[in-house]
Amino acid sequence: MIEFKMPSLGADMDAGTLVEWLKKPGDAVKRGDIIAVVDTQKSAIEIEVFADGILDRLLVEPGQRVPVGTVMATIREPGDLADAGLPPKAVPSSASPPAAKSSAPVAPASAPLVAARGEPRATPAARRRAVELGVEIASVLPGPEGVIGLGEVEAAAGARAPAKPQRPGGISFDEMRKAIGAAMARSHREIPHYYVSSTLDVSPLMAWLEAENTRRPVPERLLYAAPLIRAVARALMDSPELNGHYVDGRYDPAEHVNLGIAVAMRGGGLIAPAILAAETLDLAAIMERLRDLVARVRGGRLRSSEMTAGTATITNLGEGTADSLMPLIYPPQVAIVGCGRIVERPWIVDGKIEAAKLMTVTVAGDHRISDGRRAAAFLMNLDKLLQSPETL
Amino acid sequence: MTDNDIAKLVQSALFAVAPDLEGETVGPDVPFRDQFEIDSMDFLNFVIALHKATGIEIPERDYPKLESLDKAVAYLKAKGFAQ
Amino acid sequence: MTGGRKITYREAVREALREALTRDERVFLMGEDVGRYGGAYACSMGLLAEFGEERVRDTPLSESGFVGAGIGAALGGMRPIVEIMTVNFSLLALDQIVNNAATLRHMSGGQLSVPLVIRMATGAGRQLAAQHSHSLECWYAHVPGLKVVAPATVADARGMLWTALCDPDPVVIFEHAALYNDESEVAAGGDLAVDIASAAVRRQGTDATLVTYGGSLKKSLAAAEVLAKDGISCEVVDLRSLRPLDDRTIMASVAKTHRAIVVDEGWRTGSLAAEIGTRTMEQAFFDLDAPVGRVCSAEVPIPYPKHLETAATPQVDGIVAAVRGALRR
């Protein structure tokens, strides 16, 4: 029998609170599987298991805070008999701090029996509120009796702390930062990123755009983001290895380009809702979708499909920012295109130095699906499209 | 129409495109972009809102003249928007 | 409306009876000891002298007989008020009420009406032991064809009777025996009739909803007062009508507070509390932040000794504990 213990997740950690079990007794687990989420006061951390076997007994309830080294669960190795309800060993192994002995992790007698199911015990109202607030129920720390109620959800969303700035729609800055952190940590941990970048001459695009906008009445004017999105979407259609979802070890290239648009929130934070089937839309339609998306990001009213359907993402730094960026892929996507600001620089055309408007475009790709060569081909393709803006 | 009235009009155009700013104090001479993290989409929407409220055609090259509250008021006045 | 005055629940019932007898000559009161004795709970004291034997009639000790007679009189165009001493005794008349009064409109294809009002005392708290103290309101609330109301306040005791008499179908009025001495302000004159279809919010609150009726209303209000001292804000819904139930008022309150506790002096099993809890889960499931709680009577015949009677029925402490449980604090 293997003992699964509360790990030390940092030099300053002496105890942790179990947020939830992700596996239930009887489940097969293998080394590297995440079986629990533990809150360390700094953040919620997914805990991996370091042995293969069958999860036998869960000894700690969600909501319980236990010292590092406490046995949280037992794992049956091949050949072990199922634990026939014997009490868990009260004495932790020698590696555990002595303090753990006196606080052996035995569930309280009144503990609800359903806790071992590994699902958070959240009330219907709490679940609905969590959806409204954009809070992941699994990230909410249970309250008394191990129950996640309205109060716990609202506390998690910062909704009860008026001192914390609130976004429209009730999303808290803290919660958003946590969500970005979780997603990017996963990206960084799981996706073997590679980066390929080129500096593209966007002078033709900008000249065309200026002429176009002079011609157009104010309400119909375009931002350069619109032709850029269109060009990226079209180029992605020819790069199936950069456009799709990688889930459970399997890659599904997408039929359409649902292009996630990274939109910055005032005060910090980022959301990347998708423009669905962007390759099918003309500039006016893209402009309209973009305007609508930005408005709804500001108003906190995004739809779940926009948040989950993205097949690739574009992040465009825009004016007054930086020349280039190295973005992280948003899982389960496999690529992200980062556009730096447009700068005017000397540029050699046909052996002559000219002033040109330049944009450095960086593609982050997923090495599990493709290599840098694919992304380079995408950049060449994108460059070609941007040189003929009138065809976009 | 006084300068004050025009300033109010400019502010309401700003808040209409960025409702999350409603109630913020707008510094008269600080660019909106620096004050409120206004991005290009916000700015375009702001120009459209000004155009709709005043009827003035605002060419793209004039955008820098609208970058702060004071500048925007001066620009609209120069364009003959006073009545 | 003229200025208020203080009267007891008993006086309110008596006034309502007097008003009915005065306003409509088809109205008459009958029951055991309602005449010479003035009613088991003295509600009809003095009415015999005032209205005479034709209109205030003492009956033999035969619930089935005089309720049946009331049904016949109602079919014949009268507006009888039949008093049954307690809900326990009304079981002798169940056949008349359930098989005749409640069914005749439907069985006659709408040709027959039974505009009968039956009043009866209900509930514990007066050490009258197991044969006089039960709360069987839900037995009647189960039956289509009846309307069942429970005036919990002096104003409702004063105002429900006339509305019940105006109804073309049988109405059963439950007067909780522990309420007769309660005193409260009511309007001095004017039309005091009240509706008999809606629930009333007796106290506004935000943290939990106490759904109750009859004799448990004042206990629920007292519990809300105790909890308010700890910063817990309870809304108290007085059902008033037990059939039909005013789902809308209950659900609106639960949508606001997210927690519901039903306080019902009936036994838990198969109770009105069970019905309300189920409806709440059917209609307000996604509003709930805690399982619907119930504070009901212990599943024993109501005991005679004071301390056991108290222990067997809903009390303020139990209601307070149930609210805290729902709030998990």
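Up top is the structure these notes are about.
These remarks concern the structure in this document. This one's a predicted model, so the numbers in the text were calculated from it and none came from an experiment.

Cut-offs applied
- Residues numbered from 1 in each chain as written.
- Chains lettered and ligands numbered in written order.
- Predicted model: local features only at pLDDT ≥ 70, side-chain atom pairs only at ≥ 80, totals over all residues.
- Heavy atoms only, no water.
- Helix = DSSP H or I, 4+ residues; strand = E, 2+ residues; numbered from the N terminus.
- Expected span 1.5 Å × (residues − 1).
- Buried < 20%, exposed > 50% of the residue type's maximum accessible area, 1.4 Å probe, protein only.
- Arc of directions from axis to C-beta.
- Contact = heavy atoms within 4.5 Å.
- Core = buried A, V, L, I, M, F, W, Y, C linked by side-chain atoms within 4.5 Å.
- Buried area = accessible area lost by both parts, 1.4 Å probe.
- Salt bridge = Lys/Arg side-chain N within 4 Å of Asp/Glu carboxyl O.
- Nonpolar A, V, L, I, M, F, W, Y, C, P; charged D, E, K, R; others polar.
- Polar contact = N/O pair within 3.5 Å; in protein donor to acceptor, adjacent residues only side chain to side chain.

1. Quick notes on helix α11 (residues 272-284) of chain C
All names here are of chain C.
1) Next: Taking 1.5 Å per residue, 13 residues should reach 18 Å; α11 reaches 17 Å between its end C-alpha atoms and fits that length.
2) Next: For α11, the complete set of buried residues consists of Leu272, Ala273, Ile276, Gly277, Thr280 and Ala284. Buried residues of α11 fall within an arc of 135° about the axis and therefore sit on the same side.
3) Next: Buried-residue contacts for α11 involve α7 (137-141), β10 (208-212), β12 (241-243), α10 (247-257), β13 (260-267) and β14 (293-297).

2. Here we look at the nonpolar core
1) Next: A:Leu259, A:Phe378, A:Leu382, B:Val10 and B:Phe46 are the most contacted members of the largest nonpolar core, which totals 86 residues.
2) Next: In contact with A:Leu382, not counting residues within four places along its chain, are A:Leu200, A:Ala231, A:Val232, A:Ala235 and A:Val361.

3. Topic: the interface of chain C and chain A
1) Next: Contacts between chain C and chain A engage 9 residues on the former and 12 residues on the latter.
2) Next: Buried area between chain C and chain A, summed over both chains or domains, comes out near 790 Å², and the portion from carbon and sulfur atoms is 55%.
3) Next: Contact with chain A buries area across many residues of chain C, yet C:Phe286, C:Asp289 and C:Arg328 alone supply 66% of it, more than any other trio.
4) Next: Scanning the region where chain C abuts chain A turns up 1 salt bridge.
5) Next: Note that A:Arg128 is salt-bridged to C:Asp287, the shortest N-O span being 2.5 Å.
6) Next: Within the side of chain C that touches chain A, the residues separate by chemical class into 4 nonpolar, 1 polar and 4 charged.

4. Description of the interface of chain B and chain A
1) Next: Of the residues lining the interface, 21 residues belong to chain B; the matching set on chain A comes to 19 residues.
2) Next: Together chain B and chain A conceal approximately 1700 Å² of surface at their shared face, both sides included; 54% is due to carbon and sulfur atoms.
3) Next: The interface formed by chain B and chain A contains 0 salt bridges.
4) Next: At the surface where chain B touches chain A, the tally comes to 4 residue pairs in polar contact (both at pLDDT 80 or more).
5) Next: Of all the secondary-structure elements, those providing two or more residues to the side of chain B that touches chain A are α2 (32-36) and α3 (40-54) of chain B.

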